[in-house]
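These are the residues of each chain, in order.
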Amino acid sequence: MSRGLSDPKEMQIIYDISKNVYDGNYTVAYALKCLKGKVKGTDASIKMYSNIYSCMRRGKCYKMGTSEQFTKFLLNSIYRDFGKLDYVTAITAVKGNYAYRKSVNNSQPGLIRACTESIAECGLALVYENIPTANIASEENRLYQGKKYQRRHTMEKNIDYESAIEDGFPTSYTLPINPSDFDTDVLELNIQPPASILNVFSRLSYKPWYAIAEFVDNSTQSYISHSDELSALPEFEKLIVNVKYDAEANTLTIIDNAYGMELERFKDAILLDSRNESQSGRNEFGMGLKTAASWFGKIWKVISTQYGSTNKYTATIDIPMLDKLHLQNTKIYRDYVAKDTHGTEIIIEQVTKKITGSRTIGKIRDLLSSMYRRDINNRNIEIWFNDEPIVFETYPILTNFRGKSWKKDLNFTVDFDSKIYHITGFVAIMNPGSFPKAGFALFRQDRVVIGGTDSNYKPAQIFGQAQSQKSLKIFGELNMNDFPVNQAKDGFIWDDGLEDAFIDALKNNIQEYIDIADMSIKERATETQFSNQASSELQQNVTASINNAFRIDSTDNQDNLRNAQPDITIKEPSPQKGSNDATAETDLTEYIETVLNLEKTGEIISSVRTYSVPINSVMHVDFSVQWARGSNKYWIQYTETATDKYEVLINIDHPFFMPFTKEDGFQKVLEKFALSFILAEHQAKIGSNKQGYIQCSVIKNYMNKYLEKLAEDN
């Protein structure tokens with residue numbers, strides 16, 4: 001027998017904590033935290049002490065061993081706190097432990113001494129030999145659950161239990177109650193069809209991420225179905241599903257703190273020919289756990305406790321052993337836990353589909369994050385893989401193009417084979433694009449069936465070739481709860497023409513997005529640069545510059561009235577005679593035709609921008625300006641449609657400007673330069689002589705003057 005626990009202070013601390021666990025006040029996890037640093041020993045040994053206390057309170061044979069001193073301490077404390085009835089029950093459990101140890105050739109006489117000395121120290125008139133012995137656990141063994149059953153059934157049967165203690169019990173006894181009132185510790189479960197079928201599961205065309213998803217489906221659905229009950233618990237913050245592969249031990253473990261399972265639901269999880277009664281939700285087929293576990297490894301174990309129950313169930317499926325011995329039965333073991341315990345643990349041993357290699361692990365993380373993106377981002381759910389949380393980052397959406405954000409909600413139906421299929425979700429354009437992330441994620445029950453990095457749905461009828469612009473930028477999420485899904489839940493059953501009907505309907509609903517996605521970045525940038533919004537913003541900026549540059553101060557009004565013409569002196573050339581007059585007229589005609597009346601440029605690509613430039617307090621020049629493209633010959637074309645009114649086209653395709661058109665602020669510079677140029681010519685013409693000649697320096701001087709006024713630092 002172990003002699004590790006002998007310190008009375010430590011024994012009292014463990015006793016008090018164990019009592020709280022038994023009464024349902026503490027969870028085991030919380031109890032271990034309370035004992036941290038207060039007592040010696042590992043978590044496993046501390047749990048063992050708590051289990052021994054629990055067995056003593058129930059009169060249950062236990063197989064763990066502890067010190068003689070601690071055994072006596074527990075007996076004395078139980079008598080002090082709960083009285084003779086519970087005390088006798090505790091000795092029954094100790095005698096069961098002694099009988100078990102003797103049966104395995106590990107007799108512990110210290111247990112007898114602990115009992116007899118405790119009886120003496122408590123001053124009780126009990127004969128150790130006459131106290132019954134708890135039977136060693138077997139399939140036929142029936143247990144009672146502490147003093148509640150003892151007292152209730154004693155009263156019903158009018159049995160004088162107190163007298164029976166004084167008179168002594170027979171060595172073996174059965175309480176006079178209906179055996180059906182109690183659950184067995186060990187339950188035989190027929191797992192037909194034959195266990196050899198489990199070997200077939202290992203050859204299924206699963207992928208590791210889809211197999212793991214089967215376990216996560218069960219956990220998340222358990223939480224979703226009971227979220228109100230779980231969320232009401234003070235100690236429950238969120239669902240946590242922890243998936244971990246231990247390469248050294250070659251085990252895969254999945255642990256959750258969801259609602260858990262009681263016996264009937266637990267059986268369904270084990271039985272091969274059983275399926276979920278509701279046949280809805282993520283675990284609608286009821287085959288996910290057993291198929292995925294059998295695919296992953298040769299031996300798998302399920303442990304579960306439903307919230308509000310004190311029963312913990314454990315079952316192990318050892319496929320090689322069942323197959324070798326041609327067995328069709330397995331055992332479900334029941335143990336007792338605190339009422340606030342809940343959740344399920346799955347342990348897969350001798351894993352045949354090993355999760356090694358950075359590429360495989362990365363793929364699992366990517367696919368799980370995509371599959372459960374809504375759970376992770378919208379619900380109180382955390383999924384961990386190999387001690388790292390699974391996260392999903394939303395994709396960037398194209399915004400501020402044609403004045404809107406390019407994401408659209410979808411809600412349409414497909415009428416196929418006399419049935420209506422309803423689809424909701426959204427389509428969007430990604431910016432910047434990504435070939436691995438583009439495409440549709442197809443959801444069912446808020447879980448991705450098709451989709452994920454490099455695995456999104458991209459029908460050629462919509463996305464074209466693999467490297468197309470559409471295949472780079474279109475993405476979305478579609479809810480398809482009405483569509484039939486295969487048992488592996490990694491695809492839809494729609495090869496009968498349903499998929500083609502779905503694609504046609506989807507394409508009709510997103511045609512505008514297909515067209516926008518087909519535009520190159522350059523095409524989109526060009527359109528954005530010369531859009532109505534850009535034109536309007538430019539007009540506001542240039543107007544502000546004009547108002548600032550040509551502001552007419554009230555103190556200057558009289559001077560401006562007296563000097564309506566700019567202060568630029570133009571020297572008239574000497575009068576010419578004869579043929580020179582004809583030459584002058586020819587030159588003037590050529591100037592007007594080649595400079596003032598240029599041929600039209602191509603396509604107009606912007607809205608009209610209007611400006612009014614106050615030259616002085618009595619004169620202003622009005623402009624209507626647009627961008628044009630399609631000609632490389634002229635940079636500007638303008639026409640004086642009325643006195644002091646101009647229509648202007650600025651050709652952004654001119655080779656001189658092309659390298660700068662995408663530079664920030666260039667449009668504003670070009671706009672002000674063009675206005676300054678026309679104003680300079682306008683003023684030069686006003687100051688010319690009667691024959692239309694303009695001195696060569698006049699336009700330059702006016703240009704310098706107006707550019708200085710419109711400079712950014714003004």
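Remember, predicted model here, so these are calculated numbers, not experimental data.

Thresholds applied
- Residues numbered from 1 in each chain as written.
- Predicted model: local features only at pLDDT ≥ 70, side-chain atom pairs only at ≥ 80, totals over all residues.
- Heavy atoms only, no water.
- Patch = residues over 30% accessible without salt bridge, like charges linked within 9 Å, V, L, I, M, F, W, Y side chains within 5 Å.
- Areas by Shrake-Rupley, 256 points an atom, 1.4 Å probe, with all protein chains shown as cover.
- Salt bridge = Lys/Arg side-chain N within 4 Å of Asp/Glu carboxyl O.
- Helix = DSSP H or I, 4+ residues; strand = E, 2+ residues; numbered from the N terminus.
- Expected span 1.5 Å × (residues − 1).
- Core = buried A, V, L, I, M, F, W, Y, C linked by side-chain atoms within 4.5 Å.
- Buried < 20%, exposed > 50% of the residue type's maximum accessible area, 1.4 Å probe, protein only.
- Contact = heavy atoms within 4.5 Å.
- Axes fitted to C-alpha atoms, helices over the stretch in contact; angles between N-to-C directions.
- Parallel < 35°, antiparallel > 145°, perpendicular 65-115°, else oblique.
- Left-handed = near helix turned anticlockwise from the far one by under 90°.
- Nonpolar A, V, L, I, M, F, W, Y, C, P; charged D, E, K, R; others polar.
- Pairing = 2+ DSSP bridges.

**Q** How do you make sense of a nonpolar patch on the surface when you look at a structure like this?
**A** There is a patch of nonpolar side chains on the surface, built from Met321, Leu325 and Leu327 and spanning about 250 Å² of accessible area. Note that methionine 321 resides in helix H14 (residues 319-324).

**Q** Whenever I open this one, helix H5 (residues 84-103) confuses me. Can you help?
**A** In an α-helix, one full turn covers 3.6 residues, which means residues spaced three or four apart are oriented alike. With 20 residues, H5 ought to run about 28 Å at 1.5 Å a step, and its terminal C-alpha atoms sit 29 Å apart, in line with that. Note on H5: the residue one or two positions beyond its end, asparagine 105, has a positive phi of about 60°.

**Q** Quick question: what am I supposed to make of the nonpolar core here?
**A** Across soluble globular proteins, nonpolar side chains have a tendency to be buried as a group. Ranked by internal contacts, the top residues of the largest apolar core, which has 60 residues, are Ile212, Phe215, Leu252, Ile270, Phe296, Trp300 and Ile348. Residue contacts for leucine 252: discarding those within four places in its chain leaves Val243, Lys244, Tyr245, Phe296, Ile346, Ile347, Ile348, Val351 and Ile355. Within the second largest apolar cluster, 39 residues are counted, among which are Val21, Ile78, Tyr87 and Ile119.

**Q** Sorry, what's going on with the packing of helix H1 (residues 8-22) against helix H3 (residues 43-58) here?
**A** Packed helices, taken two at a time, are described by their axes: the angle between them and the distance between them. The geometry of H1 relative to H3 is characterised by a closest axis approach of 9 Å and an angle of 60° between their N-to-C directions. Classified by the angle their axes make, H1 and H3 are oblique. Classified by chirality, the crossing of H3 by H1 is right-handed. Here Ile14, Tyr15, Ser18, Lys19, Val21 and Tyr22 of H1 come into contact with H3, specifically with Tyr49, Ser50, Tyr53, Ser54, Arg57 and Arg58. Across the contact of H1 with H3, the residue classes tally to 6 nonpolar, 3 polar and 3 charged.

**Q** Teacher, can you tell me more about the pairing of strand E6 (residues 329-336) here?
**A** Here is the key point about a regular strand: its side chains alternate between the two faces of the sheet. Of the two faces of E6, only one is covered, namely that formed by Thr330, Ile332, Arg334 and Tyr336; the face formed by Asn329, Lys331, Tyr333 and Asp335 stays uncovered. In the sheet, strand E1 (residues 186-190) pairs with E6 via 5 bridges, with the strands oriented antiparallel. From the neighbouring strand, asparagine 190 faces E6, where its bridge partner is asparagine 329. In the sheet, strand E5 (residues 311-318) pairs with E6 via 5 bridges, with the strands oriented antiparallel. Residue pairing across strands places asparagine 311 opposite tyrosine 336, the latter belonging to E6.

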